[in-house]
Amino acid sequence: MDKLQEIESKKASLIEKLKKVTSAKEISEIKSEYLKKYVKSLYSELKNLSAEEKKSFGKTINDFKNFAEEKISEAESKFKAQKSSAKYDVTIFKDNIKIGAEHPLIKLYKRIEEVFVGMGFSVVQGPEIELDKYNFEMLNMPSHHPARDMQDTFYISAPNVLLRSHTSSVQIRAMEKMQPPIQIISPGTVYRVDDIDPQHTPMFYQIEGLMVAENISFANLKAVLTRFLKEVFGEEVGVKFRPSYYPYTEPSAAIDMSCTKCGGKGCRTCKGTGWITVAGSGMVHPNVLEGVGYDSKKYTGFAFGLGLNRFALTYYDLDEIRKLYENDISLWNQI
Amino acid sequence: MFKFSLNWLRDYCGKDANYDDIMKKLKTQGFEFDGNQEVKDDIVTAIEVKANRPDMLYHMGIAREIKAFDGEPVPTISKKQFAVNNEKFPVKINIDNSVCKRFCAVKISGVNASAQVPEYIKERLNALGINSVNAVVDIGNYTMIDIGQPIHAYDADKIVGNKLMVSKANENTKITTFSGETSEIKSGDIVISDGEDIKCVAGIIGTDSAAVKENTKDIILEAAIFDEVSVRLTSRRLKISTPSSFRFERGVDADSTFNALMNCAEMITKICGGKIETPAFDNRPEKSEEKHVNLSVKNSNRLIGISLDQKTVINCLRKYNFKCKPIDEDLIKVSIPSYRLDVLKEVDLIEEVARIYGYDNIKPVMPTIMTSYHKNKVWSNMDIIRKTLGGLGFGETINYSFIPADTMKIFDIDEGEDIYSDLTIQNPIAGAYSLMRPMMAYSLLSCLAYNYSINNNNLALFELGRVYFKDKSFDTGVREVDTCGFVMSGVRIPRGFGSDKDIKYTYYDLLNYLEIVMNSFGQNFELQKNEYKFFEDGSGYNIIANGEKIGFIGEINKSKLIKIPNLKLVKDKIFYCEFYISKLAGKVKKIKFESKYPPIKRLYNFMQRRDVTAKEVETVIKSSSDVVRDVVVKDIYSDKNFSENEHAVLYEVNYCSKEHTLTSEEIEKIEKDFLEKLNSKFGIKFKS
């Protein structure tokens, strides 16, 4: 019987085709070819057969039909299952809902503020346009003091009204108002005459801190500032204190931290030394304490200050310091 | 900063002194490395020397520090015995003692100023960047860099009348300096003159008039100590800073002046020939006295946070050439070496103890201190704004506080207006950075424009910073106001993902954002029209809270502000808001309404005159029944077919009762009531 052989080969070809199928459309084409056209052609054969033959061939057709239906629906369900698992493309991240970019200086500052506030420091602010008295004189820098050279100052009306060159002025104002024990940080913008170029700006962000009470010592200074640097930059950073000079503190210490870029091995950022200077600090000079009316025999204290701009550069891999004030939002969006 | 030559230093520390070792010791003691350079067979190293340590501005000083560190005897200037008689000195010298602490001079006759300078002197000076002039001048410079005393030499034959006066100039005079430049001396500058003309600007630079030249035969050699502040002021004004003025400003050891002079004179005669004439001249009005400072070991331990015994403290100080004598168990009488001009008080000695004992050896101790934490209101307000605007998609910027001098003109703000200012910096870096900003608008608009120029389009930006106004009631004469500004322009939501077109920022978004920010403080506010000309007509409003103006808002008039660089790149409308942070007095808001019955919402599309505000409509609707919870504008639009003074406004009214579930009959009754009122009062009808 040729027909029976033909049916067997049709079955084989159906299975082959279903294996290769890639879309629902192809399945419906197969359906119509095998279940409609071919089954129809088989039925049309029936009329030429005897009653006996009809009965047996009819069964064969039914078997084929069942076989084909089963295989096709199997393929269909497999295909449907595949389709539903790909309901969403999770590799798409649309960007039309935005959160605002944070400014790197603020982002870094907030990490630092958190540590000091956690240690009990209060945040105080003061004027940016200052009197010479608060910016220099009461910080043990009388007029013509050579240390003033380090801070080339902008003047609103020389010599008395100027743009503060550090936020230490805020601490003097705070001490005038408060009695020890005090623990404050004074963050804010400060100004020094400098042309704008890739590595200089006439304005920068500074944070200074002050702790005055009975028996505050240099050992306390070391502990608090080491804790701060390790909290912000990681337990693994090395911290070193070396002698330095600021007119308003004595003893004074510059604080070096192992270079966060190379881990202390030496690179361009740290000029090959493995260390970067991050802050200035020291024990508040008795002249400063007496100047605000504190008894320097009773009270001692430490002060520190750090500029955030250069820091932010290494922290966020920014290449130019002036970019901090250019505000290219596409850069801020990356951090 | 001081640059030293390794070879030179080895004269003191030994030929084999190891460079790295030297550098390590200097660094530990607080003299930071600032770069080096190999010059022939020498290394020139720059170290940072702070203003308090002028004794580290010459080689012997550095050698002292290194030797002391090692606990070895420190080098000293060799003492010269030489007859002094001021009366018999060949030049009559008159000195104003108020400007000159010490003045030493000696005459050398028959020198050969064109003598060959020994190679090592030339090389060392060259390595340090000091040009060779002639033998006499070079040896003077060499002495200064070697032992710290600036030396000046005059051609004796050019001193008219054999007399010199050291005093303040009493008139303004033009001079030609040694190096050939002209400068103007002002009355009050310290000068050395012979009555004819000025021979030297004290401590700073010699003039051409008595300069030692190749043909000079007899010289007067001078070593003096001039008033630090005068030298500094004159040097700054003349913009002439010399190695000599740099040292005088910081201080020179007056006890060594005479010895330094005689050392230099001997070296000159050795190299240039000639004879040192007897006697020499030495004028020192204040007698040299050994300085003493008492140090309490207890005070020292307390400040440093260590517990050293008296013996250890004494050993530390003795290493560094401080002579110590215990007074009792605690106090030590310490005599200060004459070159340590920075040690004047006990605390200066405590610093020395800490430094010598070693900062690394001081163990950190956490302080135990109880202070009360004071929350900074303005500061925490800023954090709330940062969180709110950041969450709404605004990027934070920080801009320069100084803006162009002509900003007021660009913005068309007149004197007398509340945001006018002429508070400028006297020494700005440029005109574009000279006015202390009285508003943030310039900063944020130019920042927006800058971003457009680098293809960052469609932006919302903000800044938290200060604005400044002249105000005599403050001690600085300036009122500084913590301020927030925000600006936006372009597309807020780009097309796609369900939106078939770009949705741009609108004026109503601006109001929306303002309300969200004010709500985050629980701050009620209202808006009153303002007349700022940098806003588009009819868009500028002042923000009023608690009866006071706290800011302003509007759509920027771009054509007016075209002078702001790149602003023309911003094609879309720009919306701007600025408000003062400290004025925000937030209240805790209470939950006022709670009902277990379901709310019912109804929409009403009205045609209304443009001069009728949504607020007025809301008031009428709310007055019709107390079950009206909310009246919200859902949309507002215009159409060509509308009459010009009308627009369509879609309101959603939210009804809810605390007592029962509202029925449609009840609502229809309320509707009927307010529709009649709206119609009779404002002529409002349903849109057909």
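Source: prediction; values computed, not measured.

1. A short note on the overall build of chain A
Part 1 of the argument: Looking only at helices and strands, one finds 10 helices and 10 strands in chain A.
Part 2 of the argument: Over its C-alpha atoms chain A spans a radius of gyration of 40 Å, topping by over 25% the 20 Å that the globule rule assigns to 335 residues.
Part 3 of the argument: Seen along its three principal axes, the alpha-carbon backbone of chain A occupies a region of about 130 × 40 × 40 Å.
Part 4 of the argument: The long-range share in chain A, meaning contacts at least 24 apart out of those at least 6 apart in sequence, stands at 67%.

2. Quick notes on the overall build of chain B
Part 1 of the argument: For chain B, the helix and strand inventory stands at 17 helices and 33 strands.
Part 2 of the argument: Its C-alpha radius of gyration of 40 Å places chain B more than 25% over the 26 Å reference for a compact globule of 688 residues.
Part 3 of the argument: Taken over the C-alpha atoms alone, chain B extends approximately 125 × 60 × 50 Å along its principal axes.
Part 4 of the argument: Counting the 688 residues in chain B, one finds 40% classified as buried.
Part 5 of the argument: Expressed as a percentage of contacts within chain B between residues at least 6 apart in sequence, the contacts between residues at least 24 apart total 68%.

3. Topic: the domain arrangement of chain A
Part 1 of the argument: Partitioning chain A into domains gives domain 1 (2-85) and domain 2 (104-332).
Part 2 of the argument: Domain 1 of chain A and domain 2 of chain A are separated by 85 Å when their C-alpha centres are compared.

4. Re the nonpolar core
Part 1 of the argument: In terms of nonpolar packing, the biggest core is built from 153 residues, with A:I255, B:L445, B:L448, B:L461, B:F486 and B:V487 touching the most fellow members.
Part 2 of the argument: Setting aside residues up to four positions removed in sequence, B:V487 forms contacts with B:L444, B:L445, B:L448, B:L461, B:I574, B:F575 and B:Y576.
Part 3 of the argument: Counting residues in hydrophobic clusters, the runner-up holds 85 residues, among them B:V44, B:I190, B:I219 and B:I220.

5. Some words on the pairing of strand 9 (residues 275-284) of chain A
Side chains on a regular strand alternate between the two faces of the sheet.
All names here are of chain A.
Part 1 of the argument: Across the 10 residues of strand 9, 7 count as buried, placing the element largely inside the fold.
Part 2 of the argument: The pairing of strand 8 (residues 249-258) with strand 9 spans 8 bridges and is antiparallel. The residue bridging T249 from the neighbouring strand is V284, located in strand 9.
Part 3 of the argument: Bridge count for strand 9 against strand 10 (residues 299-307) is 4 bridges, and the pairing is antiparallel.

6. Some remarks on the sheet that holds strand 2 (residues 129-131) of chain A
Residue and element names in this part refer to chain A.
Part 1 of the argument: Judged by pairing direction, the sheet is antiparallel, and its 3 strands sit side by side in the order 2-4-3 without closing on themselves. A strand with exactly one partner marks an edge of an open sheet, and here the two such strands are strand 2 and strand 3 (155-157). Here the average twist between neighbouring strands, direction ignored, is 35°.
Part 2 of the argument: Here strand 2 runs beside strand 4 (residues 161-163); their pairing, made up of 3 bridges, is antiparallel. Paired with E130 across the strands is L162, a residue of strand 4.

7. Thoughts on the confidence of the model for chain A
Part 1 of the argument: Averaged over chain A, the pLDDT score is 90; the fraction of residues at 70 or greater is 97%.
Part 2 of the argument: Taken element by element, chain A is modelled with least confidence in helix 3 (residues 51-85) of chain A, mean pLDDT 81, and with most confidence in strand 2 of chain A, mean pLDDT 97.

8. What about helix 5 (residues 135-147) of chain B?
Residues and elements named next belong to chain B.
Part 1 of the argument: Counted at 1.5 Å a residue, the expected span for helix 5 with its 13 residues is 18 Å, and the 18 Å between its end C-alpha atoms agrees.
Part 2 of the argument: Most of helix 5 is tucked away, with 13 of its 13 residues classed as buried.
Part 3 of the argument: Where helix 5 terminates, the next one or two residues include G148, which has phi positive at roughly 95°.

9. Focus on unusual backbone geometry
Part 1 of the argument: A cis amide bond links A:A158 to the next residue, A:P159, at an omega of 0°.
Part 2 of the argument: Tracing the backbone through its elements, the reader meets A:P159 in the loop between strand 3 and strand 4.
Part 3 of the argument: Look at B:K239: it is not a glycine, yet its phi comes out positive at around 55°.
Part 4 of the argument: For B:K239, a count of 7 C-beta atoms within 10 Å translates into the label exposed.

10. Quick word on the packing of helix 16 (residues 614-624) of chain B against helix 17 (residues 664-682) of chain B
Residues and elements named next belong to chain B.
Part 1 of the argument: Direction vectors running N to C along helix 16 and helix 17 enclose 145°, while the axes themselves pass 9 Å from each other. Relative to helix 17, the crossing made by helix 16 is right-handed. Residues V617, V620, I621 and S624 of helix 16 lie in contact with helix 17, whose contacting residues are I670, D673, F674, K677, L678 and K681.
Part 2 of the argument: Classifying every residue of the contact of helix 16 with helix 17 by side-chain character gives 6 nonpolar, 1 polar and 3 charged.

11. Some points on the packing of helix 4 (residues 104-118) of chain A against helix 9 (residues 309-316) of chain A
Residue and element names in this part refer to chain A.
Part 1 of the argument: As a packed pair, helix 4 and helix 9 sit with axes 10 Å apart at the nearest point and diverge in direction by 95°. One element, helix 4, and the other, helix 9, form an angle in the roughly perpendicular class. Counted together, P104, L105 and L108 of helix 4 and N309, F311, A312, Y315 and Y316 of helix 9 form the full contact between these two elements.
Part 2 of the argument: Its residues assigned to classes, the contact of helix 4 with helix 9 comprises 7 nonpolar, 1 polar and no charged.

12. Some words on the sheet that holds strand 18 (residues 331-336) of chain B
Residues and elements named next belong to chain B.
Part 1 of the argument: Sheet architecture is open: 3 strands sit in the order 16-18-17, paired in antiparallel fashion. Because the sheet does not close on itself, it has two edges, and the strands there are strand 16 (291-296) and strand 17 (323-326). Neighbouring strand axes in the sheet, compared pairwise and without regard to direction, differ in orientation by 25° on average.
Part 2 of the argument: Sheet topology places strand 17 next to strand 18; 4 bridges connect them, and they run antiparallel. The residue bridging K323 from the neighbouring strand is S335, located in strand 18.

13. Quick look at the environment of B:G465
Residue and element names in this part refer to chain B.
Part 1 of the argument: Mapped onto the elements of the fold, G465 is located in strand 22 (residues 459-470).
Part 2 of the argument: The class for G465 is buried, based on 24 C-beta atoms found within 10 Å.
Part 3 of the argument: With 47 residues separating them along the chain, G465 and N512 place their C-alpha atoms 22 Å apart.
Part 4 of the argument: Beyond its immediate chain neighbours, meaning those up to four positions away, G465 contacts I398, S401, M440 and T483.

14. Description of the pairing of strand 23 (residues 478-489) of chain B
All names here are of chain B.
Part 1 of the argument: Burial analysis of strand 23 places 9 of its 12 residues in the buried class, which makes it a mostly covered element.
Part 2 of the argument: Of the pairings in the sheet, the one linking strand 22 to strand 23 comprises 12 bridges and is antiparallel in character. Its bridge partner lying in strand 23, K470 is registered against V478.
Part 3 of the argument: Bridge analysis of strand 23 against strand 29 (residues 574-580) gives 7 bridges, and the strand direction is antiparallel. Bridge pairing in strand 29 links M488 to F575.

15. Concerning the environment of B:S300
Part 1 of the argument: With respect to the element layout, B:S300 can be found in helix 9 (residues 297-304).
Part 2 of the argument: Note: C-alpha distance between B:S300 and B:F246 (54 residues apart in sequence) is 33 Å.

The rules behind the values
- Residues numbered from 1 in each chain as written.
- Chains lettered and ligands numbered in written order.
- Predicted model: local features only at pLDDT ≥ 70, side-chain atom pairs only at ≥ 80, totals over all residues.
- Helix = DSSP H or I, 4+ residues; strand = E, 2+ residues; numbered from the N terminus.
- Rg over C-alpha atoms; globule rule 2.2 N^0.38 Å.
- Contact = placed C-beta atoms within 7 Å.
- Buried ≥ 20, exposed ≤ 12 C-beta atoms within 10 Å, placed from the backbone.
- Domains from an automatic or database assignment.
- Core = buried A, V, L, I, M, F, W, Y, C linked by C-beta atoms within 7 Å.
- Pairing = 2+ DSSP bridges.
- Axes fitted to C-alpha atoms, helices over the stretch in contact; angles between N-to-C directions.
- pLDDT = per-residue confidence, 0-100.
- Expected span 1.5 Å × (residues − 1).
- Left-handed = near helix turned anticlockwise from the far one by under 90°.
- Nonpolar A, V, L, I, M, F, W, Y, C, P; charged D, E, K, R; others polar.
- Parallel < 35°, antiparallel > 145°, perpendicular 65-115°, else oblique.

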